[in-house]
Amino acid sequence: MSPLDISVQHVGKQYRIGAARGKTPFWALRDVNIDVARGTSLGIIGRNGAGKSTLFKLLAGITAPTTGRIVLHGRVAALIEVGSGFHPELTGRENVFLSGSLLGMKRREIASKLNRIVEFAGVEGFIDTPVKWYSSGMYVRLGFAIAAHLEPHILLVDEVLAVGDAEFQGRCLQRIHELKAQGTTNLFISHDLTAIERLCDSAVLLERGEIGATGAPADVVATYHRRIIAHANAPGEPVAAALKSGITVTNLATQDPAAPDSVSCRSGGALAVSLKYEATRPLPPVEFELRFYAVDGTTRIATLRTGEVHVDVPGGTIEFTIASLPLSPGAYFLGAIVRDLASAKALAWWDGETRLHVQEGRARTGEYHIPHTWRHVQADAGERTAAGSVRSKPAG
Amino acid sequence: MSRPTVVYEPPALRHIHPIAALRGLRQFLDLFVTLSLHRINVRYKQSRLGLLWAVLQPLAMMVVFTLMFTLVRANPGGPVPFPLFAYAALVPWTMFSSGLTSASSALTSHASLLTKVAFPREILPLTYIVAAVVDFLLGTLVLGALMLWFDVSPGWPAFWAVPAIIILIAFLIGVAFLLAAVQVRYRDVGLAMPVLLQVWLFASPVLYSLDAVKATLSRPLYFIYTINPLAGIVETFRRALVLHQAPDYGSLVTAAIIAGLLLPIAYVYFKYVELTVADTV
């Protein structure tokens, strides 16, 4: 058996939360045991407040455990937020050196990789511009590019893979595959269950600070879904997370505007999705993301984004309107995320179960419904005999 | 590439070895250099007068106190012109006061960094101290110019300025580690800093000479006075550069002992607080 690069032994972490410090002890982790063998990848999943981020901070050495011990063999690179330590007044180049050395790189090492980092981030023309003039996309890409060019033995990644556009995400995944091929030991924390299944050799489910399940990623993800459905949105749980980020998603509901009382909607028909949030304090601009998952709960079919939103205190509602739902009949799950617009960091997730039942409408078979019009073109009589549009035809 | 083994355990003072901590610091030498350059750059990047600010503070204080003592027709400087007498002490004092002000809030002013990246936290206060030392060197250049102006040339005792400054930097690092670590839990430290430094200035022989204190206070009171390491350090620095006198050995040795004891103790305490600083900051 290959040696263990990460060994977490009976680890617990206690925080004291509340206005008056020292009042309420709270165990974020309790008796957690995890082993990761050299060259393998482990995924950590769980709801908000389950202790994922706490575990990550302990592994990264940001804070010490209250009980137990953690042993790591190898040079560690921990990515908790892209662009940590960026200074707005400094140029891209200066920030590469600053951020790289914060991650433990030597100046010479950074200098030799500078060109590759800049190219990876796609900011060639702006490397001598202060980063305060960067778009949020450029900022995030440069931050990730620095981290992607570390050559660690152990790579810890907390939810930062979901940055940038699809093309950039592809490049990130490719880089992770390269590192895996070189024998890096990886630990990923993610809400993106598809990514966990694709990237990891095994997975751990954290529940209220304890290990709820371990095993093959597909099995652990399946367990996670069964438990979510069993106690959908248990009240009071995400409190610790909300205290930190300042925002929670409290409800996500769907409605067919044509039939307000119906619990389902029709393929090709209209759909309204309303997302309720609560905010405890004013926040920098955020972005809301609505995700459609297939019935297995892991395959992501579509993602809708809002763009810049200034949240209201104490709360508000975001309504997504879809004029013509392209999904074929069947059952789906919906998810939602609130991100900080500048850093793309996830501030809140909707972990409750929102199911969407799509009934037969315009599409009866096939993968999805494509809105279309049609006409019958005849050889000699022109095009007037039979013409129509599915829009004008009532659905069956 | 060799594989280091890292062990994280619950915080315990007995697990903290200053030598091992220094070894960990060595691996982050490049971060220390980058951040120190960054401090010096950023501080003056958007200001018109730039590096002049480094010497304006002691110069302004020198002018104010010279005016004051001219008004009351007193000259605590004795044989040397008072502006030179005061400025020679204000240069090391300013390094201490401005270095301590910025370094003691180095942890609390970097809360978001501390909760996201792991690195030896002492780098933060140390880089502020580097910036204060750079300011001190610029201030010393101006002192040289003033000496030319007043036609005072340095003699052989000038070399005593070097040990005095080394002791001052060691003491500054020790106090900064201690106060930065305490401030994580008690923000009162930051609020108390201006008052503390004001009292400390007048409790040190900056605007008067140590000899005047010796002549006024009884022996036990004088000993208590010299427990403040700034007494021996500031006096030695001034004597060495502008008075051509050997140090007052008693107070300088006291300062060296206190700085030498405080630094390792403060460092161990700092490393202990560091383990959970991300939870409380």
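Residues numbered from 1 in each chain as written. Chains lettered and ligands numbered in written order. Predicted model: local features only at pLDDT ≥ 70, side-chain atom pairs only at ≥ 80, totals over all residues.

Grouped together as the largest cluster of nonpolar side chains are 146 residues, with contacts concentrated most on Leu156(A), Ala88(B), Leu172(B), Ala176(B) and Phe237(B). At 17 residues, helix 7 (residues 161-185) of chain B tops the list of elements feeding residues into this core. In contact with Leu156(A), other than residues within four places in its own chain, are Phe56(A), Leu59(A), Ala60(A), Val76(A), Ala78(A), Leu79(A) and Leu187(A). One finds Cys265(A), Phe288(A), Phe333(A) and Ala346(A) within the second-largest nonpolar core, a separate group that totals 29 residues. (Core = buried A, V, L, I, M, F, W, Y, C linked by C-beta atoms within 7 Å. Buried ≥ 20, exposed ≤ 12 C-beta atoms within 10 Å, placed from the backbone. Helix = DSSP H or I, 4+ residues; strand = E, 2+ residues; numbered from the N terminus. Contact = placed C-beta atoms within 7 Å.)

All names here are of chain A. As a packed pair, helix 3 (residues 107-121) and helix 4 (residues 136-148) sit with axes 8 Å apart at the nearest point and diverge in direction by 140 degrees. With respect to their mutual orientation, helix 3 and helix 4 come out oblique. In terms of crossing hand, the pair formed by helix 3 and helix 4 is right-handed. Contact residues: Ile117, Phe120 and Ala121 in helix 3; Arg141, Leu142, Ala145, Ile146 and Ala148 in helix 4. Class assignment for the residues of the contact of helix 3 with helix 4 results in seven nonpolar, no polar and one charged. (Axes fitted to C-alpha atoms, helices over the stretch in contact; angles between N-to-C directions. Parallel < 35°, antiparallel > 145°, perpendicular 65-115°, else oblique. Left-handed = near helix turned anticlockwise from the far one by under 90°. Nonpolar A, V, L, I, M, F, W, Y, C, P; charged D, E, K, R; others polar.)

So, on to helix 2 (residues 92-102) of chain A. Residues and elements named next belong to chain A. The buried count for helix 2 comes to 10 of 11 residues, which makes it a mostly enclosed element. Along helix 2, the positions that sit buried rather than exposed are Gly92, Glu94, Asn95, Val96, Phe97, Leu98, Ser99, Gly100, Ser101 and Leu102. Just past helix 2, the residue Gly104 takes up positive phi, approximately 95 degrees.

Time to look at the interface of chain B and chain A. The interface of chain B with chain A comprises 27 residues on the first partner and 33 residues on the second. Of all the elements in the fold, those that place two or more residues in the side of chain B that touches chain A are strand 1 (5-8), helix 2 (29-45) and helix 13 (277-280) of chain B. Class assignment for the residues of the side of chain B that touches chain A results in 16 nonpolar, five polar and six charged. Strand direction decides the pairing type here: strand 4 (residues 67-73) of chain A and strand 1 of chain B, joined by four bridges, are antiparallel. Along strand 1 of chain B, the bridge assignment pairs Ile70(A) with Tyr8(B). (Pairing = 2+ DSSP bridges.)

A word on the pairing of strand 5 (residues 76-79) of chain A. Along any regular strand the residues' side chains alternate between the sheet's two faces. Residue and element names in this part refer to chain A. By the alternation rule, side chains of strand 5 split into Val76 and Ala78 and Ala77 and Leu79, which are all buried. Where strand 5 and strand 6 (residues 154-158) come together, four bridges link them in parallel fashion. Among the inter-strand pairings, Val76 is bridged to a residue of strand 6, identified as Ile154.

What follows concerns unusual backbone geometry. Omega for the peptide link from Val313(A) to Pro314(A) comes to 10 degrees, which places this bond in the cis form. Its location among the elements puts Pro314(A) in the loop between strand 14 (300-305) and strand 15 (315-322). One non-glycine residue with positive phi stands out, namely His10(A), at about 50 degrees. What makes His10(A) exposed here is the crowd of 12 C-beta atoms within 10 Å. Unusually for a residue other than glycine, Asp151(B) sits at a positive phi of about 60 degrees. For Asp151(B), a count of 7 C-beta atoms within 10 Å gives the class exposed.

All names here are of chain A. For Gly307, the position within the fold is in the loop between strand 14 and strand 15. Under the C-beta neighbour-count criterion, Gly307 is labelled exposed, with 8 such atoms within 10 Å. When the C-alpha atoms of Gly307 and Pro285 are compared, they prove to be 9.1 Å apart, with 22 residues separating the residues in sequence.

Next up on the list: the sheet that holds strand 5 of chain A. Residue and element names in this part refer to chain A. Pairing in this open sheet of six strands is mixed, and the strands run 5-6-7-3-8-9 from one edge to the other. The sheet terminates laterally at strand 5 and strand 9 (210-215), the two strands that pair on one side only. Shown here is a sheet whose adjacent strand axes are inclined to one another by a mean of 15 degrees, direction ignored. Two strands pair when backbone bridges link them, and strand 6 and strand 7 (residues 185-189) are joined in this way by five bridges, in the parallel orientation. Its bridge partner being in strand 7, Leu155 is matched across the sheet by Asn186. Seen against the sheet, helix 1 (residues 52-60) touches strand 3 (41-46), strand 5, strand 6, strand 7 and strand 8 (202-207) and runs at an angle of roughly 150 degrees to strand 6.

Everything listed is a geometric property; what it means functionally is a separate question.
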